[in-house]
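# Residue-level structural notes
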Amino acid sequence: MKMIMLTCLLLSTTSARQIAAATPVDWSQINKETLFHFINLLKIDTSNPPGNETQAALYLRNVLTQNGIESELLGPNPDRLNLVARIKGNGSARPVLLLGHTDVVGVQRERWRHDPFAGVIENGYVYGRGAVDDKDNVVANLMMVLMLKRSGLVLNRDVIFVAESGEEGFAKEGFRYLVNHHWEKIDAEYALGEGGGGSIKDGSPYLLAVAATEKVGRGAELIARGSSGHGSMPRVDNAITHLARAVARIAEWQPPMRLNEITRAYFERVAEISDPEKARRIRDLFNPATADNAGNYFKKHQIRYNSFLRTTISPNMFNGGFRPNVIPSQATAYLDIRALPDENMTAFYQMMREVIDDPAVELIPGRQMNPSSKPSGLKTDLYRSLEAVQKRLYPEAITLPMLLTGGTDLQPLRGKGVHAYGIGPLKDMQDGEGNGAHADDERISEKALYGFVRYLWEVILDLSS
Ligand SMILES: [Zn+2]
């Protein structure tokens, strides 16, 4: 029995590989089709709010139907539906989920050189809101299911395509709705979505970042209370004075620093490709005797690294008072807290209270939007596939595991035990931040888009055939 099963497994594996080899992809045709759907998706204005993502979901459903692929539109709000489709595998492994969001952030139209909802191409770049956040992932995922269906390949696992609504701002009717109400339709071993991406330096691919974990957005409100009175007679219990002191103490405090599997691997790899001085500073992090010094340096000079190393707190709102000559009885501040994925927040808030050390100031913990979870591992089959395909397609580059300081909808999946990784197209480092996600003139190079589709295709085959 065991022997027979093993033979069957071997046979199906071999045949999938053989079919893959025997059905070479006509990439120039696929590129044309990718661009066609990409531009059509960019032309659908899904600015959130209000979103109106159903228009994009209907477009996708239409394309899928024309290709003989069934799909479902799901959600409690008819204007903001999510799309789910599935290409069946032979069931010997659990599914892989391809996630992208159809909504985009709004625009200041007058600041764009082209209409942000026209899909204009200029000098090899496609301009449009959503070009890199996140209609690039949506179209690449769409192409995966189209290519799989046409190839007739039977992979060892199902491939699930999800185009979610409402990612930009934690909408209840988007991905969270699917997680809470239709888990059986999206349950998977692995997931790929936004949050990573590659860099091109001096014309050649340099690194491919894979987001394997992310910070968990928390917050806290500080409320200082004192006596009100006439401004001509200053009071020692002035609420604004107490609040200002509390905020200053928090800002000067260095929350404890630590590495996890992902950030350790990240810093080790970055040290390998850095100039000697930077490499030494990074390696100082690994030595308890020098770690604090390095951490303090990064807090001032490399704020991204500082955010990788600890739970961070940024005071972003400060309110108090209503007339120049009135001492107010209350003042409030809002602190933006981004927690390391394994932070014990009850203990962390307690540490904050001890740092503030003032009974006149109350700390109210903020709501947790995403679950805390373990990082997705670096020894999984999918991570290995991501690395293997990078070595094949871009041998001069490296794959860099990363902690995302912002948040994506991969985190609710990690909370459910799914190994989820953020990936993305290659971006030219000379481009700077000017044309990136949420920026005016958001754009992607045609080459990067096609390269991303190719990369994703090879990853899916490597993982599942
Ligand atoms: Zn996004």
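Every value quoted in this text rests on a predicted model; they were computed, and no experiment measured them. (Residues numbered from 1 in each chain as written. Predicted model: local features only at pLDDT ≥ 70, side-chain atom pairs only at ≥ 80, totals over all residues. Heavy atoms only, no water.)

### A closer look at the pattern of salt bridges
Under the counting rule described, the total for this entry stands at 24 salt bridges. The shortest N-O distance in the salt bridge between Glu 214 and Arg 414 comes to 3.4 Å. On the criterion of sequence distance, the pair formed by Glu 214 in strand β9 (residues 204-214) and Arg 414 in helix α14 (residues 411-415) is long-range, its members being 200 residues apart. Overall, the relative accessible area of 1% leaves Glu 214 in the buried class. Arg 414 gets classed as buried once you look at its relative accessible area, which sits at 4%. A salt bridge links Arg 269 to Glu 387, with the shortest nitrogen-to-oxygen separation between them at 3.3 Å. (Salt bridge = Lys/Arg side-chain N within 4 Å of Asp/Glu carboxyl O. Helix = DSSP H or I, 4+ residues; strand = E, 2+ residues; numbered from the N terminus. Buried < 20%, exposed > 50% of the residue type's maximum accessible area, 1.4 Å probe, protein only.)

### Regarding the coordination of the zinc ion
Binding of the zinc ion to the protein goes through His 101 (NE2), Asp 133 (OD), Glu 194 (OE) and Glu 194 (OE), at separations of 1.9 to 2.7 Å. Angles of 52 to 147° at the metal separate the four donor atoms of the zinc ion, which places the site in the irregular class. As a motif over one chain, the donors of the zinc ion read H-x31-D-x60-E. Of the two residues, His 101 sits in strand β3 (residues 96-101) while Asp 133 sits in the loop between β5 (125-127) and α4 (135-151), which places them 32 residues apart along the sequence. Here His 101 and Asp 133 have matching classes, each one buried. (Donors = N, O, S within 2.8 Å, 3.2 Å for Na, K, Ca; no water. Tetrahedral: all angles 85-135°; square planar, octahedral: opposite > 155°, others 65-115°.)

### Thoughts on the packing of aromatic side chains
Any two aromatic rings considered together are summarised by their centre-to-centre distance and by the angle between their planes. Summed over all chains, the structure comprises 10 aromatic pairs. The interplanar angle of 85° and the centroid separation of 5.3 Å between the aromatic rings of Tyr 266 and Phe 267 together place this pair among those described as edge-to-face. The pair formed by Tyr 266 and Phe 267 is uniform in burial state, with each residue classed as buried. Ring geometry for Phe 267 and Tyr 305: centres 5.2 Å apart, planes at 90°, overall edge-to-face. Within this pair, whereas Phe 267 is found in helix α8 (residues 261-272), its partner Tyr 305 is found in helix α11 (residues 303-309), the two being separated by 38 residues in sequence. Among the aromatic residues, those joined into a cluster by ring pairs are Tyr 266, Phe 267, Tyr 297, Phe 298, Tyr 305 and Phe 308. Across the ring face of Trp 183, the terminal group of Lys 416 is positioned such that the distance to the ring centre comes to 4.8 Å. (Phe/Tyr/Trp six-rings, centres within 6.5 Å; stacked < 30°, edge-to-face > 60°. Lys NZ or Arg CZ within 6 Å of the ring centre and 35° of its normal.)

### A look at the sheet that holds β5
Taken in spatial order, the three strands line up as β4-β5-β19 in an open sheet, and their pairing is antiparallel. With partners counted over all chains shown, the strands left at the sheet margins are β4 (121-122) and β19 (443-445), one partner each. In the sheet, β5 pairs with β19 via three bridges, with the strands oriented antiparallel. Counted as the bridge partner of Tyr 125 is Ser 445 from β19. Along the sheet, helix α15 (residues 446-464) makes contact with β4, β5 and β19, crossing β19 at roughly 70°. (Pairing = 2+ DSSP bridges. Contact = heavy atoms within 4.5 Å. Axes fitted to C-alpha atoms, helices over the stretch in contact; angles between N-to-C directions.)

In short, geometric facts, not functional conclusions.
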